[in-house]
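Each chain, letter by letter, is given below.
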2 protein chains.
Amino acid sequence: MPKVVDHRARRIQVADAVQKLVTEEGLDRVTVARTAATAGFSVGHVQHYFPTKDEMLLFTHERVVRKILDRVSALGERATRQQLPIRDVVVEGLGEWLPVDARRRSAHRVVLAFLGRTVDNPGLARSHAETGRLIRSMLATAVHNGKECGEVPADTDPDLAALELHSLTEGLALQLGSGADTDTDPGAAESQAALGLVTARVRAVFPGRCRQYG
Amino acid sequence: MPKVVDHRARRIQVADAVQKLVTEEGLDRVTVARTAATAGFSVGHVQHYFPTKDEMLLFTHERVVRKILDRVSALGERATRQQLPIRDVVVEGLGEWLPVDARRRSAHRVVLAFLGRTVDNPGLARSHAETGRLIRSMLATAVHNGKECGEVPADTDPDLAALELHSLTEGLALQLGSGADTDTDPGAAESQAALGLVTARVRAVFPGRCRQYG
DNA sequence: GTTTTTACCATATGTTCATATGGTAAAAAC
DNA sequence: GTTTTTACCATATGAACATATGGTAAAAAC
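This structure is a prediction, so every number in the text was calculated from the model and none was measured. (Residues numbered from 1 in each chain as written. Chains lettered and ligands numbered in written order. Predicted model: local features only at pLDDT ≥ 70, side-chain atom pairs only at ≥ 80, totals over all residues. Heavy atoms only, no water.)

### Topic: the state of the cysteines
Residue and element names in this part refer to chain B. Going by this rule: Note on terminology: disulfide denotes any pair of cysteine sulfur atoms within 2.5 Å. Under the DSSP-based scheme used, a helix requires at least four consecutive residues in state H or I and a strand at least two consecutive residues in state E, with every element numbered from the N terminus.
Scanning the entire structure with this criterion turns up 2 disulfides over all chains. Note that Cys149 is cross-linked by a disulfide to Cys210, the S-S spacing being 1.7 Å. Here Cys149, found in helix α7 (residues 122-149), pairs with Cys210, found in the segment after α9 (188-205); they are 61 residues apart in sequence, far enough to count as distant.

Structure below.
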């Protein structure tokens, strides 16, 4: 072996370049050569870490989604430590999917660009469906916990509530994403409206107050 | 001039071939040659009616969207003739955007495929934003009319309600669209859940009954 | 110190595709 | 009946790109 190299770190460097390119120019302007240039690598270097372009794209997509999910999870853990109302955690978690600032906008654009490819790429379609299921199951769990805690009425259907909140958020993300023409703050008013709507619907599902234990 | 030819009809034939290809194989498997073959034309023929591929794609996209909007409009007119409750019309109109049968699924796939291109195509992004605005304004009008008619409480914000219903529907469409792996009925159960959810939220916005005039 | 393995690179290759080009034919115009 | 215009076609052309190829160098293994 020559120089000891952190394989995963290199792949991430490449993936970051892909994300930047997708965000700024769209998925079909991503070429291996451009990615290499953006990352400051040679084409051969990129090839060394990703034998095929497809692998490179898939890795990037998975990483972007993973980063969002990790954030949401971290939010959940922080919340249980600090005994926050579930309702607030749900609002914050859903907010991670809205393109309301540069970071989230970049992630959203990547997700959106890949979403358009689910039509012809079954692997991508599966991955997207899987992510959706995961989100809804997290939401359903939150609703379930909310019931035990007293925030949610007993007759609420967790799965249906989860589907509603998830769909509403994704739909809003689409709307915000397109309106964001300028690279400056893209309609702060619209962002507020979207966040307000999500908050309102979450409050409708979680109308109660948590009974404090201990 | 030689043979008198209906220019628009030819373009539509080509656009239909594009729609078929996008639906079945995805946007980036659409080439001029494949489109020509699908439509039963020569490449030169397609070129004659669409000087550039971009024009061909844009025309197809606009046509698919237009067809949905026309259906929704027709729905609205039929409803005013027959004095149907606004609520029911809204549910049906929103239903046009859900991929619950082959026709709507095809349209949805086209919309979705092009949606992924809004990132790098400002024209497409504008068009998509425009369509969204149109849908929401139709919904807001429906809510407004519902107030005058007595179906909607006076303190409802029409724009906010419109945004909610529109976003919810688009979000549900995304979820359904991905789940539909098989070419058979794609999760009739999921379709039902989606339609049920839309119906429920529309009923929440239009809880009242229309006072009959005359 | 030789061998082997891995990192990394420049350039070659072959394919796919949009579009250009140089046509034929037929109908309208006059 | 000649001219012009439009419909339509087969094939040429050149660009973009993913991937293959044939390298060099450096470090570990022994």
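So, next bit.
### Structural notes on the nonpolar core
What counts, and what does not: In these notes, a set of buried Ala, Val, Leu, Ile, Met, Phe, Trp, Tyr and Cys residues joined through side-chain atoms within 4.5 Å is what counts as a nonpolar core. Here's how the labels work: a residue is buried when its accessible area is under 20% of the maximum for its type, exposed when over 50%, partly exposed in between, all with a 1.4 Å probe on protein chains only. For every domain, the bounds stem from an assignment made automatically or drawn from a database. In what follows, a contact means two residues having at least one pair of non-hydrogen atoms within 4.5 Å.
Counting 55 residues, the largest nonpolar core has Val30, Met56, Val90, Leu98, Leu172, Val202 and Phe206 of chain B as its most contacted members. Only α1 (7-25), α3 (43-49), α4 (53-82), α5 (86-95), α6 (102-115), α7, α8 (158-179) and α9 of chain B provide two or more residues apiece to this core. In terms of residue count, the dominant contributor to this core is α4 of chain B (8 residues). Each of domain 1 (1-51) and domain 2 (54-205) of chain B gives at least three residues to this core. With sequence-adjacent residues up to four places away left out, Val90 of chain B is seen in contact with Leu139, Ala142, Leu165, Val202 and Phe206 of chain B. Ranked by size, the runner-up nonpolar core spans 54 residues in total, among them Val14, Val30, Ala36 and Leu168 of chain A.

### Overview of the relation of the copies chain B and chain A
For the record, the criterion: Alignment of copies: least-squares fit on C-alpha atoms of residues with pLDDT of at least 70 in both copies.
When chain B is fitted onto chain A, the two copies agree to an RMSD of 0.0 Å after a turn of 180 degrees and an axial shift of 0.0 Å. With respect to symmetry, the two chain copies, as superposed, fit the operation of a two-fold axis.

### Description of the interface of chain B and chain A
Heads up, the rule is: Buried surface area refers to the total accessible area, computed with a probe of radius 1.4 Å, that the two partners give up upon joining, counted for both partners together. In the analysis that follows, any N or O atom pair within 3.5 Å is treated as a polar contact, provided that within protein one partner can donate a hydrogen and the other can accept it, and provided that, for residues neighboring in sequence, both atoms belong to side chains.
At the interface, 35 residues of chain B touch 35 residues of chain A. A combined buried area of about 3,000 Å² lies between chain B and chain A, and 64% of that area is made up of carbon and sulfur atoms. The tally of links from chain B across to chain A stands at 2 residue pairs in polar contact (both at pLDDT 80 or more). Breaking the side of chain B that touches chain A down by element, the ones donating at least two residues are α1, α6, α7, α8 and α9 of chain B. Top contributing element to the side of chain B that touches chain A by residue count: α8 of chain B, with 12 residues.

### Considerations on the environment of Gly95 of chain A
Tracing the backbone through its elements, the reader meets Gly95 of chain A in helix α5 (residues 86-95). Taking the C-alpha atoms as reference, Gly95 of chain A lies 18 Å from Thr141 of chain A; in sequence the two are 46 residues apart.

### Examining the pattern of salt bridges
For clarity, the cut-off: Here a salt bridge means any side-chain nitrogen of Lys or Arg lying within 4 Å of a carboxyl oxygen belonging to Asp or Glu.
In total, this model carries 28 salt bridges over all chains according to the counting rule given. Linked by salt bridges that have partners in common, Asp28 and Arg117 of chain A together with Asp28 and Arg117 of chain B make up one network.

### Some words on the domain arrangement of chain A
Residues and elements named next belong to chain A. Domain annotation for chain A reports domain 1 (1-51) and domain 2 (53-205). When each unit is reduced to the centre of its C-alpha atoms, the spacing between domain 1 and domain 2 is 27 Å. Contacts between the two partners involve 19 residues from domain 1, matched on the other side by 16 residues from domain 2. Buried surface at the junction of domain 1 and domain 2, both sides included, amounts to about 1,600 Å², of which 65% is carbon and sulfur. On the domain 1 side of the interface with domain 2, the three residues burying the most area are Gln19, Thr23 and Leu27, jointly 35% of the side's total. Put simply, domain 1 and domain 2 have 2 salt bridges between them. Between Asp16 and Arg63 there is a salt bridge; the shortest N-O distance is 3.2 Å. At the surface where domain 1 touches domain 2, the tally comes to 6 residue pairs in polar contact (both at pLDDT 80 or more). For the side of domain 1 that touches domain 2, the secondary structure elements donating two or more residues are α1 (7-25) and α2 (32-39).

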